[in-house]
Amino acid sequence: MTASPTGRTRAQTVLVLCALALAPAPALGQSGDPEFRASISQTVSAGTNRGLADPAEDPRFSSNTTLNLGWSRATARDSLSLAGSAGINASLGDDAEDPVVPVAPRVALDYARQGTTTRLSLGASLRVDRAEDQDFVLDSASDPGTGSSGDLRLTTEEGLQIDGGLSAGLGWDLGPLDSLNASARVSRTEFVDVSTADGSTDAGASLGWTRTLSPLWRGTLSTGLNQVVSDGENADSIRASLNGSLNYQESDDRSFTAGLGIVVIDAESDDEIVTRFSGNLRGSFELSSRDSLSLGVDQNVTPGADGALVTRTGASADWTREVTGVDTVIFGLGATRQSVVSGDADDSTLYRASVTYRRQILPGANLTAGYTFRNSTDAAEPSHTVSLGITLPLFP
């Protein structure tokens, strides 16, 4: 891969992304009561080969303190929300080059307006992470049981990855059973002090038609087009897709979704157009009054954070058991396979298994403890991590 942009270009990109994420939303049409939320979370953890590196990293101990802030205001037609978080991470270990670093500052702004037969949504976001942390992670302290497959490991350098994005959506009710939805988005990924990964820009639009088949069943047909432009050696690409899905929704604990689609990719690195199938099968099942199960299998072709076009195939299972009214145990399993379609990246597979215990100690306050096993085909040895965390509201 090529070197990252110059310092001046990096600074300009960061300023632009900040401006996009903090851009003002439309004013609310009617007065609504604002709601302000604030909480602080503290997590301590210890793990081996936490970066899934080869050769393996030394054991590392870390302490993560995060402040979460949120503000929202809603009326009969409009809603506006602003959320953000930031903190400090302290690490101890031979591989911890920077003992104390900022924690993933994130800002998200969302606006929605509901008309009689139309809907409007606008969004902006900014996220800053340590580049070396962008792999398959289950954060048992902050979001138990929802481990998902993010970008596979891009770099072991301790630089920054900055993601900014804008989105807009429109919806129309065509009748009592039919609706039409259109959306557009643009996102930018930038790396700072990282020479082994390149920034990229992803822009796209989609159009979908939804038909209500019964009070519990809906069918959707959608099409989309997006373009990825990479700053480095990864080839630019254009991606077109056509998807159909069927959704069953009885409650949050009883739902089912099945989808199938086709993706056509025109990448500069290939002499011919590449065609891939995409699909998903997901379900949430209430096994008893205290047990629920979530299952998922999916495959899609998406751009990686550095612009490489990849096919991701994943499977996950999470079982939640409510031991008492305030105690919950979550068991999770997952695997993700990343195969490169175009660009300069290696195929890889990641696995994870986890168990998380969560106790509500006060309204809005939770104590969590967890163990996570992770392994990768690129790693010298698996990673074992134990963690203990607490989240407290700053005011009732």
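Residues numbered from 1 in each chain as written. Predicted model: local features only at pLDDT ≥ 70, side-chain atom pairs only at ≥ 80, totals over all residues. Heavy atoms only, no water.

Now for the overall build of the protein. A tally of helices and strands in the protein yields one helix and 18 strands. Taking all 396 residues of the protein together, the buried fraction comes to 36%. A separation of at least 24 residues holds for 56% of the contacts in the protein among residues at least 6 apart in sequence. When the accessible surface of the protein is totalled, it reaches about 20200 Å², and 59% of it is carbon and sulfur. (Helix = DSSP H or I, 4+ residues; strand = E, 2+ residues; numbered from the N terminus. Buried < 20%, exposed > 50% of the residue type's maximum accessible area, 1.4 Å probe, protein only. Contact = heavy atoms within 4.5 Å. Areas by Shrake-Rupley, 256 points an atom, 1.4 Å probe, with all protein chains shown as cover.)

A few words on the pattern of salt bridges. Evaluation of the coordinates by the stated rule reveals 11 salt bridges. In this structure, the salt-bridge partner of Arg185 is Asp202, at a minimum N-O distance of 3.3 Å. Linking Arg185 in strand E7 (residues 178–192) with Asp202 in strand E8 (residues 200–212), this pair joins segments that are 17 residues apart in sequence. The exposure class assigned to Asp202 is buried, which follows from its relative accessible area of 10%. One salt bridge connects Asp318 with Arg352, and the closest N-O pair in it is separated by 3.7 Å. Taken together, the residues Asp318 in strand E14 (residues 309–322) and Arg352 in strand E16 (residues 348–362) connect sequence positions 34 residues apart. Here Arg352 falls in the buried class, since its relative accessible area comes to 4%. One network of salt bridges, in which partners are shared, links Glu250, Arg254 and Glu286. (Salt bridge = Lys/Arg side-chain N within 4 Å of Asp/Glu carboxyl O.)

Right, let's get into the packing of aromatic side chains. Counting across every chain of the model gives two aromatic pairs. With centroids separated by 5.3 Å and ring planes inclined at 20°, the aromatic side chains of Trp319 and Phe331 adopt a geometry described as stacked. Of this pair, Trp319 sits in strand E14 while Phe331 sits in strand E15 (residues 327–342), placing them 12 residues apart in sequence. A residue is classified by how much of its surface remains accessible, and Trp319, at 35% relative accessible area, is partly exposed. The exposure class assigned to Phe331 is partly exposed, which follows from its relative accessible area of 36%. (Phe/Tyr/Trp six-rings, centres within 6.5 Å; stacked < 30°, edge-to-face > 60°.)

Counting five residues, the largest nonpolar core consists of Val263, Ile265, Ala267, Val274 and Val301. Top contributing element to this core by residue count: strand E11 (residues 254–267), with three residues. Non-local contacts of Val263, meaning those with residues more than four positions away in its chain, are made with Arg239, Ala240, Ser241, Val274, Thr275, Arg276, Ser278, Asn300 and Val301. (Core = buried A, V, L, I, M, F, W, Y, C linked by side-chain atoms within 4.5 Å.)

Below, the discussion takes up the environment of Tyr111. Mapped onto the secondary structure, Tyr111 falls in strand E4 (residues 100–114). What makes Tyr111 buried here is its relative accessible area of 5%. Separated by 33 residues in the primary sequence, Tyr111 and Asp78 have C-alpha atoms spaced 7.5 Å apart.

Before going further, it helps to spend a moment on the pairing of E16. Relative to strand E17 (residues 365–376), E16 runs antiparallel, the two being bridged by 12 bridges. Its bridge partner being in E17, Leu350 is matched across the sheet by Ser376. Between E16 and E17, which pair antiparallel in sequence order, lie two residues; one of them, Gly364, sits at a positive phi of approximately 80°. (Pairing = 2+ DSSP bridges.)

Another aspect to go through is the pairing of strand E18 (residues 383–393). With 10 bridges joining them, strand E1 (residues 34–48) and E18 adopt antiparallel strand pairing. What sits directly across from Ala46, in E18, is Val386.

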